[in-house]
Amino acid sequence: MKIIVLVSNDLVTDQRVKRTCSLLKEMGHEICVLGRLLPQSMDASLFGFPSRRFKLPWNKGFLFYASLNMTFLWYLLKHRFDLVWANDLDTLLPAVLVSKIKRKKIVYDSHEFYLGVPELKNRKFVAWVWKLIEKFSFKNLSWMITVNDSIARIYRRLYGIETLVIRNVPIRRDNLTPLSRKELGLPTDTFILIIQGRGINIERGVEEAILAMKWVHNALLLIIGDGDVFSYLPDLVKRNNLSDKVRIIPQMPPERLYHYTANADIGLTLDKPLSINYRCSLPNKLFDYIHAGLAVLSSDLYELRKIIYRYDVGLTISAHEPSHIGEKINYMLSDPARLSYWKKNARRAAAELHWDIEKIKLKEKLDEYFTL
């Protein structure tokens, strides 16, 4: 089959979509991925699959989403395909409309509970519009995919829809030797903490992590990625005289990012439980940290807590006060044997939490759906 995959980002750092495309290619299908082109976008060839990125006149707000959906709608109407694969609610409407017009199959993969994102919390009209789009679209879906059990339960309760859980676990990198700290320009005589991701947005706890470094001894915090608050972070670091303790690094290809992650000691994921989306979240970075052999410090959220304490790879915080986060970090770094124990457990956990196992569920479902 010819499959057109829709995403609202610029592709290169979206590892979930890349893993999905790898599976579809393994199954013998032809793929084309549609996304957006931003001024800071990396070379599309880094994504590794045929793609088309559109430069839109707006990059945020209503006009962005309208132009993105109209662009996708026009492309789908003009081009031949057998199945359209929509990632997240902001690409679902054109996929549903054209699949109905052309009587083609559709797959929907929701990477989060979109209506619960903090950006919609105080915007009732915008949230109402997205809710209408979701309700209309879900009438035309026979099943869907999402990233964890908590979000799956929400969709099943709201729409009674069959929901397949495919977690954001990485591909194993057993044969990849990371570059050294010296080769990466990182200090060799201090602990390294890391926060990474292309969604460094509001209520992710990144600002509190920076301020926590006032209490942390003998450690450097790396923040690598992009997002809504990313551009404000250097000023926060400077205003609090933390330039020697915090380093801000722009997003990079995942293969390059792995070398930085693997040289850290503790990975931080500190989403605040202020929106239902974050309360139900299971961020990609958690599994990236585990695969790099890091100890983990996370928010005390259900899906995160399940993984961290099942595999005993770290601790959770009980509050987002910077002093409390700093105390937790100091405790984790204070005993080398304990830190080493968490790191060893992370490597053991990676043997279970990887894509070769997870993709079996997805392949079985797709084989069934494609033959209907």
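Predicted model, so just to flag it, every value in this text is computed and none were measured.

About the cut-offs
- Residues numbered from 1 in each chain as written.
- Predicted model: local features only at pLDDT ≥ 70, side-chain atom pairs only at ≥ 80, totals over all residues.
- Heavy atoms only, no water.
- 1 Å grid on protein atoms, 1.4 Å probe; cavity = no way out; pocket = protein on both sides within 12 Å on 5 of 7 lines; lining within 4 Å.
- Points joined across faces, edges and corners; volume = space filled by probe spheres on them.
- Nonpolar A, V, L, I, M, F, W, Y, C, P; charged D, E, K, R; others polar.
- Helix = DSSP H or I, 4+ residues; strand = E, 2+ residues; numbered from the N terminus.
- Buried < 20%, exposed > 50% of the residue type's maximum accessible area, 1.4 Å probe, protein only.
- Lys, Arg positive; Asp, Glu negative; His and termini not counted.
- Salt bridge = Lys/Arg side-chain N within 4 Å of Asp/Glu carboxyl O.
- Pairing = 2+ DSSP bridges.
- Axes fitted to C-alpha atoms, helices over the stretch in contact; angles between N-to-C directions.
- Contact = heavy atoms within 4.5 Å.
- Core = buried A, V, L, I, M, F, W, Y, C linked by side-chain atoms within 4.5 Å.

1. Description of empty space enclosed by the protein
Argument step 1. Considering all chains together, one arrives at three cavities of 30 Å³ or more under this definition.
Argument step 2. Empty space within the largest cavity amounts to approximately 60 Å³.
Argument step 3. Taken together, the residues that form the lining of the largest cavity break down as five nonpolar, two polar and three charged.

2. Describing the side chain of K2
Argument step 1. Mapping K2 onto the fold places it in strand β1 (residues 2-6).
Argument step 2. Buried charged residue K2 carries no salt bridge. Nearest counter-charge: E30, at 4.4 Å.

3. Here's the deal with the sheet that holds strand β10 (residues 246-250)
Argument step 1. The strand order across the open sheet formed by six strands is β10-β9-β8-β11-β12-β13, and the pairing between neighbours is parallel. Every interior strand has two partners, whereas the edge strands, β10 and β13 (314-316), have only one. Across the sheet, the axes of successive neighbouring strands diverge by a mean angle of 20°, strand direction being ignored.
Argument step 2. Lying over the sheet, helix α9 (residues 254-262) contacts β8 (191-197), β9 (219-225) and β10, oriented at roughly 150° with respect to β8.
Argument step 3. Sheet strands touched by helix α14 (residues 336-350): β8, β11 (266-269), β12 (295-298) and β13. Its angle to β12, the strand with the most contacts, is close to 95°.

4. Section: the sheet that holds strand β2 (residues 30-36)
Argument step 1. One open sheet holds the seven strands; their spatial order is β3-β2-β1-β4-β5-β6-β7, and the pairing between them is parallel. Only two strands of the sheet have a single partner each, and these edge strands are β3 (51-54) and β7 (162-165). The mean angle between the axes of side-by-side strands here comes to 20°, regardless of whether they run parallel or antiparallel.
Argument step 2. Judged from the four bridges that link them, β2 and β3 form a sheet pairing that is parallel. Counted as the bridge partner of L34 is R52 from β3.
Argument step 3. Contacts from helix α2 (residues 61-78) reach β1, β2, β3 and β4 (83-87), with the element oriented near 155° to β2.
Argument step 4. Running at roughly 165° to strand β5 (residues 105-110), helix α3 (residues 92-102) makes contact with β1, β4 and β5 of the sheet.

5. So, the nonpolar core
Argument step 1. W85, L221 and L366 are the most contacted members of the largest nonpolar core, which totals 127 residues.
Argument step 2. Ignoring anything within four residues of it in the chain, the contact list for W85 reads I3, I4, V5, L6, T20, L24, V107, D109, I145, L362 and L366.

6. So, unusual backbone geometry
Argument step 1. Residue D88 is not a glycine yet carries a positive backbone phi of 75°.
Argument step 2. By secondary structure assignment, the location of D88 is in the loop between β4 and α3.
Argument step 3. Not every positive phi belongs to a glycine, and D312 is a case in point at roughly 55°.
Argument step 4. Note on placement: D312 falls in the loop between α12 (302-311) and β13.
Argument step 5. D312 gets classed as partly exposed once you look at its relative accessible area, which sits at 27%.

From the geometry alone we can't say anything about function, so treat these as descriptive.
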